[in-house]
Amino acid sequence: MKQTGPSLISPPIGDEAYKDLEEAVGPEFVTREPAVLDGYAWQPLWNEGPEMWVHRPIAVVLPASTEEVQAVVKICNKHGLKFKAICTGWGALAGPRCENVVQIELRRMDRILEIDEKNMFVVVEPHAIGGQVMAETMRKGLHTHIVSSGAASSPLASATSCVGCAPDGTYMNWSSRNLLGVEWVLPDGEVIRLGTLGSGDGWFCGDGPGPSLRGVLRGRLGAFGGNGVFTKCALKLYNWPGPPEPVPEGFLYDTELELPPHCKAYIMFFPDRKSLADATQAITVEGIGYNAFKPGMGSLLTMIVPHLLHKESWKKAKYLKKAIQAFNYQFLEVLATDSAEELEFQEAVMRDEVSKHGGFMMDMEHTGMAEMIFWTFVLSSNYPIFFKAAGMFITAYGQDESHHSMVMASPDGEKIKQKWIDRGGILDDNADSGIHFMMEESTVSHYEEPIEFDHRNPDQTRTIKPIEMEFTHMQAEHCMESGITSPVMRKMFGPTEGFYTKWQKGIGNIIDPRGCADDYLYNAEPVEGEPLPDDPAILEMTEKLADIATKMAWTEDGPLE
Amino acid sequence: MTLSDYERDMEGCSRCASCKWVPFNQMRSWRFAKNCPSITRYDFHAYSGGGRMLMGLSMVKGRSELTDEVADIIYRCQLCGACDTACKVYRDDIDLSEVLLELRTTCVEQGKLIPEHMMVIDSLKREGNVLGEPKAERGAWAHGLPVKNINNEKADVIFHTGCRYSYDRELWPTLRGTVKLLLSAGLDVGIAFSEESCCGGRAYEMGFRGEAQNYAEDMLSRVKASGAKLIVTPCADGYAHFRYIYPRMGKALPVEVMHVSEVILHLVKEGKLSLKNEVPMLVTWHDPCHLGRMSEPYLPEWNGDKIMRTLDRKRAGHNGVYDVPRELLKFIPGVDLVEMERIREWSWCCGAGGGVYEAYPELCTFSALERIEEARSTGAEAMATSCPWCHVAFREALAETGDSFPVYDILDLVQQSVGLSPETSEEIQGGERK
């Protein structure tokens, strides 16, 4: 598990192992060419830096079938190598996180195997991306949840391995809840089929009859590739009342296509945070909305006027900033309904709740932005725009708790963010850009604080880890779940959360007896004596976190008094 | 500029994968969602626009070296620009196409040459064309046409034929008919006959900048000497290179450059050409990369942080020629246009560009057949285009597989509608003898 220096380059793969990989998938589908491997090692997104490289894989293989994935995994077991699967590669979570990793690139497994209209599910391979799945399912009047990394990302990867929420959660919930039957290559190379698939009854249920191991498979956040390779899965589909082939003109802000019948986009504003939380929860509980989203005004600025935020005049624009902040308690609702009556009902409920909580709402057709908002959300085509203003972003908090606790916790996040803006470490987006969206029928809200920075600027990359640590500290103080992917932090906080790490590791030992999966982000043990980053801000925060963890720790028999 | 000058662009890659797909608003099916022939064929990330940038970054950072395998990957790319267009939906600070060009130059500078490209360069040096044909025969296609020789006569319009049209006899009827149309509309047209040379753009794309400079200078001096006011070319490659690569090399031509389809449309609108005959046909239009996104005029380098670059200084493919051929098709009675999924800025490449036609025929055929399948999926009876290299890529791919699907140059359809019968090879040979 040790790192191999700043460039994170492992020793080359042995010839015998390489030959085995060539035999398994064909020589043209394996490479160990350093420059090609570095295409998998450059992972600036979700990389807390300061280096934007992760470990360079020792080889990349391109299997075309479940059998070939099995063969590759077994070769890794035979030669004592680690492996990690990658789909579209959105973020450092997809890259190797330790040395001696064979990266299994799943691009050749990209089919949509079945769309079951009657039972409303789609069966996909790993590299069928969201945009493709949407295009095919919308033709049949159906839609699928797409994680908020957008149309380029893999619905299978999100559903099986990594978090998975988005503004469409108000209607289509989140990735974990949409997972049905799964085909899973375990870290020892064996295949297991879950749910109805495991009992030969098709894909329609993930919980049986047949083995139900969904909790083991991904837990809440996902194992980030640490539990093996998922080669096929079925995902729930939902009603799509719009046209079968929506093809707008334009790419993003130039989008032009009439709203479908009975579809709308609304923006609503509230006088304060509490009203926002109360009203939006009430609206969502009523089952209103197809996409729903609390944007930050800062986020909108980064998208629409990115240059402004870099200007000296913006820093001094005190009253402009205040004016913009006044509109921060806002909420976007995208409505897509089957009938005039349904649309009328949804609008009436919204109007009633907004009014009851002192807000006002505006049909976005009056702003000229309805089409753009509607289609870029419905087609999930907008998310990479977060790279525009500064080159890179990371989001802090990124947690899911009750809607009110998340909305009301936002000010603390904004304070942290403002502190680092004042220090010049990140882009000044007015620090009001906390975003929320809901899932689980509004019982859960997701909150992220986007932090925009230029990953090519060392002064800015140096700030990211300390910022993340401050947010982690805040999470701990708010008793929020940690979502921690570092072994050191997991060890620290495992005892505060029922020793989950112990159970997680126990399962890992059973399904991965030779320790071949790259499970650094999931259940790897910290290396004894591994030095902490030599940064006073990080060291200070680590000590604070350790203190909190100690106070909150349980014994193995239960919580401390 | 060198590869290192684009280090910030390369480091800018967030690995979001947008470069591999048509812009997401335009994604209509699973089947035709991909935009890049190279990664679609070879699958490793290094074959995508982003992956190529990361190979470049790895080398610039000293983490890896330019090996034969890396050079081979760099060359297996049509430089079609689809990745650049897709990337720029979201980014202002990355010029992906520029990085790809710099990678080619780096290969040449470090001696990573491939024999097929060397043959092209040798041909350019010896004969002034990329096809290895005799320079003396460059103007043979025009024998018998009442067209001026700009080497000794003044003409308002220089007709730059381009290498492929000049030597590909199957394209000569199209070419001769087009010149007849221009002359019949009253244009004062001259050509350089055997003195015409390649525009040099293909050399530039292959990484041989010195050669490209020579041809640009040659063209520049010829244009200056001619006193012409306008250059018209039927070669989409040449058109793109005059508009983009020449100014990039500091050799901007001092006259207006038009693709012949633009001129024809202008003449039709002015009533100087009458498209009167029915051409009953359901066609689909293939946007050539070099007529479309790659023909967008050059914009000077942005000084400073590209994050602050204004949109009018961002070359994102929107200012290519897309509407002209579609409008022209609408003027032809009987022609109905049905669009493919991948069109305009997000069009799929025919496969011939960037030296791939010469060096990697299998990749070229793969790309062309993919496009033909997409054309067929529309229900069209034929595909129309307006680039000789696209035409040849489709023609040869179909011949290789024994398949058939009609592919027309839009100029053929125009000539049919005007009522101009294509010359037979005997008639053309007769003209040559005269």
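### Re the overall build of chain B
Phase 1: Counting secondary structure elements, chain B contains 19 helices and nine strands.
Phase 2: Taking 2.2 N^0.38 as the reference for a compact globule, 434 residues should give roughly 22 Å; the C-alpha atoms of chain B span a radius of gyration of 21 Å, in line with that estimate.
Phase 3: If one aligns the C-alpha atoms of chain B with their principal axes, the spans along those axes are about 65 × 45 × 45 Å.
Phase 4: Contacts in chain B between residues at least 24 apart in sequence constitute 80% of all its contacts with a sequence separation of at least 6.

### Observations regarding helix α2 (residues 34-41) of chain A
Phase 1: Burial analysis of α2 of chain A places eight of its eight residues in the buried class, the great majority of the element.
Phase 2: Buried within α2 of chain A we find P34, A35, V36, L37, D38, G39, Y40 and A41 of chain A.

### Quick word on the interface of chain A and chain B
Phase 1: Residue-level contacts link 50 residues of chain A with 41 residues of chain B.
Phase 2: Of all elements in the fold, only α2 and α4 (130-138) of chain A reach the threshold of two or more residues within the side of chain A that touches chain B.

### Some points on helix α7 (residues 115-127) of chain B
All names here are of chain B.
Phase 1: Along its 13 residues, α7 runs 18 Å from first to last C-alpha, staying within 8% of the 18 Å computed at 1.5 Å per residue.
Phase 2: Among all positions in α7, only H117, V120, L124 and E127 are buried. Down the axis of α7, the buried set is contained in an arc of 125 degrees. They therefore lie on one face. Summarising the geometry of α7, the exposed residues directed more than 90 degrees from the buried face are P115, D122, K125 and R126.
Phase 3: Where α7 is buried, its residues meet α10 (201-206), α11 (209-226) and α15 (356-359).

### Some words on the sheet that holds strand β6 (residues 281-285) of chain B
Within a sheet, neighbouring strands are paired by backbone hydrogen bonds and run either parallel or antiparallel to one another.
Residues and elements named next belong to chain B.
Phase 1: In space, the four strands of this open sheet follow the order β7-β6-β8-β9, with parallel pairing throughout. The sheet terminates laterally at β7 (335-337) and β9 (407-409), the two strands that pair on one side only. Between one strand axis and the next, the sheet turns through 40 degrees on average, direction left out of account.
Phase 2: In this structure, strand β8 (residues 382-385) lies alongside β9, joined through three bridges in parallel fashion. Across the sheet, T385 pairs through a bridge with D409, a residue of β9.
Phase 3: Contacts from helix α14 (residues 323-331) reach β6, β7 and β8 within the one sheet, and its direction differs from that of β6 by about 175 degrees.

### Thoughts on the nonpolar core
Phase 1: Within the largest apolar cluster, 301 residues are counted, with the highest numbers of intra-cluster contacts made by V61 and V72 of chain A together with A393 of chain B.
Phase 2: If you look at the next biggest cluster of nonpolar residues, it comprises seven residues, including M469, I484, M541 and L545 of chain A.

### Comments concerning the domain arrangement of chain B
Residue and element names in this part refer to chain B.
Phase 1: Considered domain by domain, chain B is made up of domain 1 (3-113 + 277-416) and domain 2 (116-269 + 424-433).
Phase 2: Of all elements in the fold, only α6 (96-109), α14, α15, α17 (388-401) and α18 (410-418) reach the threshold of two or more residues within the side of domain 1 that touches domain 2.
Phase 3: Grouping the amino acids of the side of domain 1 that touches domain 2 by side-chain chemistry returns 22 nonpolar, eight polar and six charged.

### Points about the pairing of strand β14 (residues 330-336) of chain A
Residue and element names in this part refer to chain A.
Phase 1: Among the seven residues of β14, six are classified as buried, and the element is accordingly described as predominantly covered.
Phase 2: Pairing geometry for strand β12 (residues 263-269) and β14, over seven bridges, is antiparallel. In the sheet register, F269 faces β14, and the bridge partner there is Q330.
Phase 3: In this structure, strand β13 (residues 291-293) lies alongside β14, joined through three bridges in antiparallel fashion. Along β14, the bridge assignment pairs F293 with L332.

### Considering the domain arrangement of chain A
Residue and element names in this part refer to chain A.
Phase 1: Taken as a whole, chain A is organised into domain 1 (15-105), domain 2 (112-239), domain 3 (263-307 + 324-477) and domain 4 (487-554).
Phase 2: On a C-alpha basis, the centroid separation for the pair domain 1 and domain 3 is 36 Å.
Phase 3: Between domain 1 and domain 3, the contact holds seven residues from the first and nine residues from the second.
Phase 4: Of the residues contributing to the side of domain 1 that touches domain 3, the split by class is five nonpolar, one polar and one charged.

### Examining the pairing of strand β9 (residues 191-194) of chain A
All names here are of chain A.
Phase 1: In this sheet, β9 lies alongside strand β8 (residues 179-185) in antiparallel orientation, the contact comprising four bridges. Within β9, the residue paired with V185 across the bridge is V191.
Phase 2: Where β8 folds back onto β9 in an antiparallel hairpin, the turn is made up of five residues, including G189, whose phi is positive at roughly 100 degrees.

What counts, and where the lines are drawn
Numbers given to residues run from 1 along each chain, matching the order in which its sequence is written. Here every chain gets a letter starting at A, and every ligand a number starting at 1, in the order they are written. Where totals are concerned, whole chains, interfaces and linings use all residues; where local detail is concerned, this predicted model gives features only for residues with pLDDT of at least 70, and gives and counts side-chain atom pairs only at 80 or more. Runs of H or I in DSSP of at least four residues are treated as helices and runs of E of at least two as strands, each being numbered from the N terminus. Between the two quantities, the radius of gyration covers C-alpha atoms and the globule rule is 2.2 Å times the number of residues to the power 0.38. C-beta atoms are first placed from the backbone for all residues, and any pair lying within 7 Å is then listed as a contact. Partly exposed residues are those whose C-beta has more than 12 but fewer than 20 other C-beta atoms within 10 Å; 20 or more makes a residue buried and 12 or fewer makes it exposed, with C-beta atoms placed from the backbone. One less than the residue count of a helix, multiplied by 1.5 Å, gives the span that helix is expected to have. It is the directions from the helix axis to the C-beta atoms that the arc portrays. Paired strands are those between which DSSP finds at least two bridges. Orientation is described by axes fitted as lines to C-alpha atoms, over the contacting stretch for helices, and by angles from 0 to 180 degrees between their N-to-C directions. A set of buried residues drawn from Ala, Val, Leu, Ile, Met, Phe, Trp, Tyr and Cys, joined through C-beta atoms within 7 Å, is what defines a nonpolar core. Where a domain begins and ends is set by an automatic assignment or by a domain database. Each residue is assigned to one class: nonpolar for Ala, Val, Leu, Ile, Met, Phe, Trp, Tyr, Cys and Pro, charged for Asp, Glu, Lys and Arg, and polar for all the others, Gly among them.

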